[in-house]
Amino acid sequence: MKPFSKVAVIGAGAFGTAMAKAAGSSGKNTVKMWARDREIVNSINHNHSNPKFCPHLKLPETITATTHAEEALKDADIVMGCLPTQVIPKFLEEHKNIFPLNAPFVSCSKGMIISKEKFLSEEVEDVFGKGKLRYCILSGPSFAQEILEDNPTIVVIASKDAQAAKYAQEKLSYRYFRVYTHDDVIGVEIAGALKNILAIGAGIIEGSGYGINTTSAFIARGTKELYKFAKYYNANPQTLFGLSGIGDIMLTSFGKLSRNRTFGYRLGKGEKIHDILKTSAGVVEGYSTLEVVIRFAKKHDIKMPIIEVINGFVHGKIHPKEALDMLMLRNLEDEFEEDSINGNGKK
């Protein structure tokens, strides 16, 4: 293994900056960030800080930036995708001919691709061909700000390519950032996408004036619906009990830094969607994911009453009292009643 590896970080938002910080702090890598914004690139190169995300924090001098994707990707040993989910497929398509196929591609994007009703692992196969790109997915309870502030953070990297996951694990782990590996790619992707929807619901509950009893029960029953969605894809049920599952669900649903929770909280307080999105500190992935998950679940007969209520509330079709009645006055049933979903063979 090379003593120093080159890590390309695609995207210089909050999480891209955090991943660059982690990779650049491990003592094992040089980091080249790619960003469209020349102001950010110049600041990283000359001031060692990102002027738009935690500008008071200095980044390691091992991190440099460029506005040229070719420069970032050339000779990269690891590529980290830190663009919003709806944007990254276009980036992959536009740059597939210069992508270093031997380098693990570690996606940090969470959500489903709206236009195609797919997860990124499925899209990667369409763009590059099956098994051509060494695809990994990074997830877990990890607010960007806390990574940048050296709060000890633990995540998981999942891949069907065990060597790719192991290599990324060894190159990214250090005192404040620990990485576990896993092989359940689709399970980690599902958990990372749907937990954002649960966080919106948790925010709505708090914003509507209800307490921790209500929120905790909502998260528990909502996780059951996440399990049903994962079962359709033949995902490993254990994944939901891990870092990308319950770990990230707790962080996003209860953490004050969660954009999705904040979106739901402000919605519960009566603010308009347009105003919330306009003033959000970043992309609210759960809002766009909600649409495609509802559509996918209906198409494949996956019963998700809690997520359906969230969707109705978000789009103004259900008022708070109606939402309460729809969930609390449903037919009484056994907590662990077996569902009839069968896996479709995807894995």
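The shown structure was predicted, so the numbers you read here are calculated from the model rather than taken from an experiment. (Residues numbered from 1 in each chain as written. Predicted model: local features only at pLDDT ≥ 70, side-chain atom pairs only at ≥ 80, totals over all residues. Heavy atoms only, no water.)

(A) Local environment of the side chain of Glu225. The residue Glu225 is located in helix H9 (residues 212–232) in this model. At 5.4 Å, Lys228 is the nearest oppositely charged side chain to Glu225, a buried residue that forms no salt bridge. Here the side chain of Glu225 touches Ile306 through a polar contact of 2.7 Å, landing on its backbone nitrogen. Beyond its immediate chain neighbours, meaning those up to four positions away, Glu225 contacts Met304, Pro305, Ile306 and Ile307. (Helix = DSSP H or I, 4+ residues; strand = E, 2+ residues; numbered from the N terminus. Buried < 20%, exposed > 50% of the residue type's maximum accessible area, 1.4 Å probe, protein only. Lys, Arg positive; Asp, Glu negative; His and termini not counted. Salt bridge = Lys/Arg side-chain N within 4 Å of Asp/Glu carboxyl O. Polar contact = N/O pair within 3.5 Å; in protein donor to acceptor, adjacent residues only side chain to side chain. Contact = heavy atoms within 4.5 Å.)

(B) Structural detail: the pattern of salt bridges. Summed over all chains, the structure comprises 20 salt bridges. Residues Glu94 and Lys90 are paired through a salt bridge, measuring 4.0 Å at the closest nitrogen-oxygen approach. Separated by four residues within a single helix, Glu94 and Lys90 lie in helix H4 (residues 88–95), roughly one turn from each other. Take Lys90: its relative accessible area is 56%, and that puts it in the exposed class. As a salt-bridge pair, Lys118 and Asp126 come within 2.2 Å of each other at their nearest N and O atoms. Since its relative accessible area comes to 23%, Lys118 is described here as partly exposed. With relative accessibility at 49%, the residue Asp126 sits in the partly exposed group.

(C) Structural context of the packing of H4 against helix H5 (residues 120–128). For the pair H4 and H5, interaxial distance at closest approach is 10 Å and the crossing angle is 20°. If you check the angle between H4 and H5, you find them roughly parallel. Note that H4 runs across H5; the crossing there is right-handed. Within the contact between the two elements, H4 uses Ile88, Pro89, Leu92 and Glu93 and H5 uses Leu120, Glu123, Val124, Val127 and Phe128. (Axes fitted to C-alpha atoms, helices over the stretch in contact; angles between N-to-C directions. Parallel < 35°, antiparallel > 145°, perpendicular 65-115°, else oblique. Left-handed = near helix turned anticlockwise from the far one by under 90°.)

(D) Just the nonpolar core, in detail. Counting residues in hydrophobic clusters, the biggest one holds 41 residues, and the most contacted among them are Ile190, Leu194, Phe229, Tyr233, Ile310 and Val314. Secondary structure elements with two or more residues in this core: helix H8 (185–207), H9, helix H11 (259–268), helix H12 (273–279), helix H13 (285–299) and helix H14 (305–314). Per element, the largest residue contribution to this core is eleven residues, and it comes from H8. Residues within four places of Ile310 in sequence aside, it is in contact with Ile197, Ile200, Gly201, Ile204, Phe218 and Leu290. Listed in part, the 39 residues of the second largest apolar core include Met80, Cys136, Ala144 and Ala165. (Core = buried A, V, L, I, M, F, W, Y, C linked by side-chain atoms within 4.5 Å.)

(E) Looking closely at the state of the cysteines. Applying the stated rule across the entire model yields zero disulfides. Counting only cysteine sulfurs, Cys82 is the nearest neighbor of Cys54, a cysteine outside any disulfide, at a range of 15 Å. Its relative accessible area of 16% is what places Cys54 among the buried residues. (Disulfide = S-S within 2.5 Å.)

(F) Region of interest: H13. Across its 15 residues, H13 extends 22 Å between first and last C-alpha, which sits within 8% of the 21 Å expected from 1.5 Å per residue. The set of residues buried in H13 consists of Glu285, Gly286, Ser288, Thr289, Leu290, Val292, Val293, Ile294, Phe296 and Ala297. (Expected span 1.5 Å × (residues − 1).)

(G) Here's a closer look at the sheet that holds strand E4 (residues 78–81). Here eight strands make up an open sheet; going across it, the order is E3-E2-E1-E4-E5-E6-E7-E8 and the pairing mixed. Edge positions in the sheet fall to strand E3 (63–66) and strand E8 (177–182), since each has one partner strand and no second. Strand-to-strand twist of the sheet, defined as the mean angle between neighbouring strand axes without regard to direction, takes the value 25°. Bridge analysis of strand E6 (residues 135–139) against strand E7 (residues 153–159) gives four bridges, and the strand direction is antiparallel. Following the sheet pairing, Ser139 is matched in E7 by Val156. Across the sheet, helix H2 (residues 38–47) is in contact with strand E2 (29–34) and E3; its angle to E3 comes to roughly 150°. Relative to E8, helix H7 (residues 162–172) is tilted by about 170°, and along the sheet it contacts strand E1 (5–10), E2, E4, strand E5 (105–107), E6, E7 and E8. (Pairing = 2+ DSSP bridges.)

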